[in-house]
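# Topology and contacts: notes
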Amino acid sequence: FFRRFEAELNKTANLTIVGYSFRDSHVNTYIARWINHSPDRLITIVDPGFTTNRNEFAETMFRRLGERVTIIEKPASTALREMYP
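In short, a report on the structure. (Residues numbered from 1 in each chain as written. Predicted model: local features only at pLDDT ≥ 70, side-chain atom pairs only at ≥ 80, totals over all residues. Heavy atoms only, no water.)

### So, the pattern of salt bridges
Inspection of the entire model under this criterion finds five salt bridges. With a closest N to O distance of 3.8 Å, Arg33 and Glu6 form a salt bridge. Note that Arg33 is positioned in helix α2 (residues 25-37) and Glu6 in helix α1 (residues 2-9), a separation of 27 residues in sequence. According to the relative accessible area criterion, Arg33 is partly exposed, its value standing at 48%. (Salt bridge = Lys/Arg side-chain N within 4 Å of Asp/Glu carboxyl O. Helix = DSSP H or I, 4+ residues; strand = E, 2+ residues; numbered from the N terminus. Buried < 20%, exposed > 50% of the residue type's maximum accessible area, 1.4 Å probe, protein only.)

In structure tokens form, the structure reads like this:
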């Protein structure tokens with residue numbers, strides 16, 4: 001499963017994360033490896049409660065990556081419609 005996840009991640013330079021709490025250390029490891037592999041890689045996090053529900057991994061990622069991480073604090077139904085009309 002994780003090898004397939006990693007293979008799929010490596011096919012893109014833009015990762016959109018919806019509905020993930022960043023509480024699985026295995027998944028977080030693959031996300032961290034992926035984003036650290038290239039400065040051209042970007043993450044968009046769709047979470048209406050991101051600023052109030054952050055955890056340590058998400059907070060560190062947001063703080064260290066700066067403009068490479070975009071937070072959209074809207075419900076997924078609204079955000080995804082706006083992102084992918």
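### Notes on α2
For α2, which comprises 13 residues, the first-to-last C-alpha distance of 18 Å matches the rise-based estimate of 18 Å (1.5 Å per residue) to within 8%. Regarding α2, the residues found buried are Val27, Asn28, Tyr30, Ile31, Trp34 and Ile35. Seen along its axis, α2 keeps its buried residues to an arc of 160 degrees; they face one direction. More than 90 degrees from the buried face of α2, the exposed residues found are Asn36 and His37. Its buried side turned inward, α2 meets α1, β1 (14-18), β2 (42-46) and α3 (56-65). Structurally, the start of α2 carries an N-cap: the backbone nitrogen of His26 is 2.8 Å from a side-chain oxygen of Asp24. (Expected span 1.5 Å × (residues − 1). Arc of directions from axis to C-beta. Contact = heavy atoms within 4.5 Å. Polar contact = N/O pair within 3.5 Å; in protein donor to acceptor, adjacent residues only side chain to side chain.)

### So, the sheet that holds β2
Read from one edge of the open sheet, three strands run β1-β2-β3, paired in parallel fashion. The open sheet has two edge strands, β1 and β3 (69-72), and neither has a second partner. Within the sheet, the average angular offset between the axes of one strand and its neighbour, ignoring direction, is 15 degrees. Strands in contact with α3 are β2 and β3; relative to β3, the strand with the most contacts, it is inclined by about 125 degrees. (Pairing = 2+ DSSP bridges. Axes fitted to C-alpha atoms, helices over the stretch in contact; angles between N-to-C directions.)

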